[in-house]
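Read off the chains here:
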Amino acid sequence: MTRKLTKRSVVIKGHKTSIVVDDRTYSILKHIAKSKDMPWYKLAGGIEELKLGSNFSEALRLYALDWSLSHVPTTGAVLIRKLIKDGGGTEDGLILASM
């Protein structure tokens, strides 16, 4: 599964930084910010402080994934873990499927 990665700029605590995330992750993060009635850059600043991943972009992806999984209805949804082979390597993929 190939996703288009897009480089975006954001100013956090007065410092301009770049992130590289796929469009789906960015959409989820924008939705989370809207649901919390805050600008996207403030949500990103809070996520950066959590130090979730080895870099800022990974932290954003992990936060979006965690939020998405915690907001899946407990009835009528299944989380399927799938192993995808990609060019000799492996990548874990998560698929949410409604029943």
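Preceding this section is the structure that the text describes.
Thresholds, definitions, all that
Residues numbered from 1 in each chain as written. Predicted model: local features only at pLDDT ≥ 70, side-chain atom pairs only at ≥ 80, totals over all residues. Heavy atoms only, no water. Phe/Tyr/Trp six-rings, centres within 6.5 Å; stacked < 30°, edge-to-face > 60°. Helix = DSSP H or I, 4+ residues; strand = E, 2+ residues; numbered from the N terminus. Buried < 20%, exposed > 50% of the residue type's maximum accessible area, 1.4 Å probe, protein only. Lys NZ or Arg CZ within 6 Å of the ring centre and 35° of its normal. Axes fitted to C-alpha atoms, helices over the stretch in contact; angles between N-to-C directions. Parallel < 35°, antiparallel > 145°, perpendicular 65-115°, else oblique. Left-handed = near helix turned anticlockwise from the far one by under 90°. Contact = heavy atoms within 4.5 Å. Nonpolar A, V, L, I, M, F, W, Y, C, P; charged D, E, K, R; others polar.

Trainee: Please provide a residue-by-residue account of the packing of aromatic side chains, values included.
Mentor: For the structure shown, the criterion picks out 1 aromatic pair. Arranged with centres 5.4 Å apart and planes meeting at 80°, the rings of Y26 and W40 form a pair that is edge-to-face. A residue pair is termed long-range when its members are at least 10 positions apart, and Y26 in helix α1 (residues 23–35) and W40 in helix α2 (residues 40–50) qualify at 14 residues. The burial state of Y26 is the same as that of W40; both residues are buried. Its guanidinium or amino end placed over the ring of Y26, R8 lies 3.7 Å from that ring's centre, counting from NZ or CZ.

Trainee: Any chance you could break down the packing of α1 against helix α3 (residues 56–70) for me, citing the residues and the numbers?
Mentor: Axis angle and axis distance: for two packed helices, these are the angle between their axes and the distance between the axes, and together they describe the pair. Where α1 meets α3, the axes come as close as 9 Å, and the angle between the chain directions of the two elements is 65°. As far as their axial angle goes, α3 and α1 are roughly perpendicular. Here α1 runs over α3; the crossing is left-handed. Along the contact surface, α1 presents T25, I28, L29, H31 and I32, while α3 presents L60, R61, Y63, A64, W67 and S68. Per-class residue counts for the contact of α1 with α3 are 7 nonpolar, 3 polar and 1 charged.

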